[in-house]
Amino acid sequence: MNKFEDNLIRFMDAGFPIIYIDTFEESKAVKYVQSAACGRVIMEWSVTGFCDYATNSVCPDWSLADTLRFLISDANSCHRRVLVLTDIHSYLSDPVVTALLKLLAQKIVKGLDDFNIVMVSPVVVIPPELEKFMSILSMDYLSQPEIKQVVNDFCDEQEIDRLSPQFLDELSMALKGLTEFEICNMLAMALTDDGEITSSDMDLIIEQKQQLIRKSGILEMIPVKEDLSSIGGLENLKNWLQRKGKIFKNVAKAEKFGVDIPKGVLIAGMPGCGKSLNAKAAAKLFNVPLLRMDMGRLMGKYVGESEANMRKAIKLAEAISPCVLWIDELEKAFAGVGGNSGASDVTTRLFGTFLTWLQEKESLAFVVATANDIEKMPPELMRKGRFDEIFYVGLPNKNEREKIFEIHIKKRRPNDFKKIDISALASKTDGYSGADIEGVVKESIEDTYANEKTELTTQAINEAIKNTHSLKEIMKDKLEKMDTLYKERKYKNASV
Ligand code: ATP
């Protein structure tokens, strides 16, 4: 029995009035409820109406309100029963439904015999009037051995050979974070082209998984091309990541030696100077998927919805782990913590959930949080122990600018690179960010092409530099202030 089943039985036996099962796997959840009911009869309401399995009576025309009114008026019909409500979340905005649910929940609390309401839905919605009657249970994601079992069962059902242990390992890893239903759909799709499931189906599976994760609305799986060689400069940060990568790739060995599991890193600093690039390169270096958490999408409108979404995102990241969990623009997510508006209450609770997780995290979900402006950030987040390290990324120095020019020129015009005087270009671009330099290179290549020249020259790049305002020019005061702040707080400089 898994932890979820165990909790469900306990909640049902203890007479919790409303148990809300948060899951995408409705039929599996209903099966769990049936077995946890221990002989009690299930009644079900869904969009197709009401069904009482004790008498097999079906009332297709009954609305949810009709069903609830009936149960409230007839205590006998609730005796030793479980009422299962599927796809309930959109009905919970109806004040009549919530009032009737509250009435029924109150009756259960007052001693309605052996009766629970179980809601099953992929979205957690808690109307304030039902908050104290509701207990939420999230169904765990499948573990890797469970995924292997699903794959083996699928092969047996389809009467095809089971996969080799090595490929099964690789495939089950790629399928982490998906439901049983999604896994079977993907396997069926992989099977349709040539009647086999082979490593040639991996790209399709990963692409489908990216879409499914995006659809869940809380995390995004980002395809990564960039590696450490795509980053000019920032040697301290790159070395640090390399060291963590060494631990990450063989955690068991490192732990045996007494090394702690890496938690994550906060990279703060100037815009366009390679913070996101480092998040991507970390995923490539660790050879794990990159998941981006979109804080804007996490914020919900119901009580507890934002925290529930945050927990869901964390759970999904842990299910997919090992992975890099990239939290972009962290300061926007947690600005307003500790304030006294309603919105800041939500942010404060959200922040608490995140902080506790970060502190206690034991999974291999390595957090890379990036931030432009640490001034607005709650100081608790900056304390040692939350992140393994906090790095500050400043504007690139001359050496780094040379490397950035080299990377972006070689990427687009490799044959022209030898003749270009990157030292002269770097001298002329003091105060330019990495993104500014990339912009200069792109513009000069476009000009060269538009002017029907065959070769990119130092002169053409110089022209583009003249037409570009550096970040330092545009944000002078802000940059100076940030620079002082980072130095005062003694964050590690990402550059040597
Ligand atoms: P923001 O805070 O605005 O999101 P950021 O610091 O995350 O900025 P990135 O997205 O990493 O910036 O960089 C923007 C682009 O600038 C990158 O795609 C990359 O092409 C280029 N760039 C920035 N810094 C570097 C660098 N150190 N080396 C190579 N390219 C760089």
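Calculation notes
- Think of each chain on its own: its residues are numbered from 1, step by step along the sequence as written.
- Only residues with pLDDT of 70 or above have their local features reported here, since the model is predicted, and side-chain atom pairs are shown and tallied only from 80 upward, although totals for entire chains, interfaces and linings are computed over all residues.
- The basis for every side-chain value is the complete set of heavy atoms in the structure, and neither hydrogens nor water enter the calculation.
- Here, proximity means that at least one heavy atom of the residue falls within 4 Å of the molecule or strand.
- The definition of a polar contact used here is a pair of N or O atoms within 3.5 Å, where within protein one atom must be able to donate a hydrogen and the other to accept one, and adjacent residues in sequence count solely through side-chain atom pairs.
- Here the open area of atoms and residues is found with the Shrake-Rupley method and a 1.4 Å probe, where only the protein chains shown may cover a residue.
- Starting at the N terminus, helices and strands are each numbered in turn, a helix being any DSSP run of H or I of at least four residues and a strand any DSSP run of E of at least two.
- Classes in brief: Ala, Val, Leu, Ile, Met, Phe, Trp, Tyr, Cys and Pro nonpolar; Asp, Glu, Lys and Arg charged; the others, Gly included, polar.
- Source of the domain bounds: an automatic or database domain assignment.
- We call two residues in contact whenever any of their non-hydrogen atoms come within 4.5 Å of each other.
- Put simply, buried area is the surface a 1.4 Å probe can reach on two separate parts but cannot reach once they are joined, added for both.
- The term salt bridge refers to a side-chain nitrogen of Lys or Arg lying within 4 Å of a carboxyl oxygen of Asp or Glu.
- Between the N-to-C directions of two axes lies an angle of 0 to 180 degrees, each axis being a line fitted to C-alpha atoms and, for a helix, fitted only over the stretch in contact.
- Roughly parallel refers to an angle under 35 degrees, roughly antiparallel to one over 145, roughly perpendicular to one between 65 and 115, and oblique to any angle outside these ranges.
- Definitions for this section: a left-handed crossing has its near helix turned counterclockwise from the far helix by less than a right angle. A right-handed crossing has that turn clockwise.
- Whether a residue is buried, partly exposed or exposed follows from its accessible area with a 1.4 Å probe, protein chains only, as a fraction of its type maximum: under 20%, in between, or over 50%, in that order.
- For two strands to pair, DSSP has to find at least two bridges joining them.
- The handedness rule is simple: strands pointing away from the viewer, and a clockwise path from the first strand over the helix to the second, make the crossover right-handed.

Turning next to the site of the ligand. Near the ligand there are 17 residues, and of these Gly272, Lys275, Ser276, Asn372 and Glu438 occur at the shortest range. Gly272 places a polar main-chain atom, nitrogen or oxygen, 2.8 Å from an oxygen atom of the ligand. A distance of 2.7 Å separates an oxygen atom of the ligand from a polar atom in the side chain of Asn372. For the ligand, the accessible surface in isolation is 630 Å², of which the surrounding protein chains cover 79%. Every element with two or more residues in the shell around the ligand is listed here: helix H11 (275-286), helix H17 (398-412) and helix H19 (434-450). Residues belonging to the shell around the ligand are distributed by class as follows: seven nonpolar, eight polar and two charged. Inspection of the shell around the ligand shows a minimum of three residues originating in each of domain 3 (228-393) and domain 4 (398-474).

Right, let's talk about the domain arrangement of the protein chain for a bit. When the domains of the protein chain are assigned, the result is domain 1 (3-138), domain 2 (144-216), domain 3 (228-393) and domain 4 (398-474). The C-alpha-based centres of domain 1 and domain 3 are spaced at 37 Å. Facing the 10 residues of domain 1 at the interface are six residues of domain 3. Both sides of the domain 1 and domain 3 interface together cover about 720 Å² of buried area, and 60% of this is carbon and sulfur. It is Val124, Val125 and Ile126 in domain 1 that bury the most area against domain 3; as a group they hold 44% of the surface buried on that side. Here domain 1 is connected to domain 3 by one salt bridge. Measuring nitrogen to oxygen at the nearest pair gives 3.3 Å for the salt bridge that ties Asp22 to Lys312.

Our focus in this paragraph is the packing of helix H5 (residues 144-158) against helix H7 (residues 180-194). For the pair H5 and H7, interaxial distance at closest approach is 10 Å and the crossing angle is 45°. When the axis of H5 is compared with that of H7, the two are oblique. Between H5 and H7 lies a crossing of right-handed hand. Here Ile147, Val150, Val151, Phe154 and Gln158 of H5 lie close against H7, whose contacting residues are Glu180, Ile183, Cys184, Leu187, Ala188 and Leu191. Class assignment of the residues belonging to the contact of H5 with H7 gives a composition of nine nonpolar, one polar and one charged.

Note that the residue after Ser321, namely Pro322, is joined by a cis bond; omega there is 10°. A positive phi angle, close to 50°, is found at Arg80, a residue other than glycine. Along the chain, Arg80 turns up in the loop between helix H3 (64-73) and strand S5 (81-86).

Glancing now at the pairing of S5. Taken across its six residues, S5 has six buried, putting it largely inside the fold. The side-chain alternation of S5 yields two buried faces, one formed by Arg81, Leu83 and Leu85 and the other by Val82, Val84 and Thr86. Relative to strand S6 (residues 115-121), S5 runs parallel, the two sharing six bridges. By the bridge assignment for S6, Leu83 is matched with Ile117. Handedness of the crossover is the feature at issue here: the chain leaves S5, passes through helix H4 (residues 95-109), returns alongside S6, and the resulting connection is right-handed.

The seven strands are arranged S8-S10-S11-S12-S9-S13-S14 in an open sheet whose pairing can be described as mixed. Lying at the two open borders of the sheet, with one neighbouring strand each, are strand S8 (219-222) and strand S14 (492-493). Across five bridges, the pairing between strand S9 (residues 264-269) and strand S12 (residues 365-371) is parallel. Within the sheet, the bridge partner assigned to Ala268 lies in S12 and is Ala371. Across the sheet, H11 is in contact with S9, strand S10 (290-293), strand S11 (323-327), S12 and strand S13 (389-393); its angle to S11 comes to roughly 170°.

Quick look at the pattern of salt bridges now. Tallying each qualifying case throughout the model produces 22 salt bridges. Its salt-bridge partner being Lys476, residue Glu480 comes within 3.0 Å of it at the nearest N-O pair. Taken together, the positions of Glu480 and Lys476, both in helix H22 (residues 476-488) and four residues apart, correspond to about one turn of that helix. What makes Lys476 partly exposed here is its relative accessible area of 45%. Counted as one network, the salt bridges with shared partners bring together Glu25, Lys28 and Glu180.

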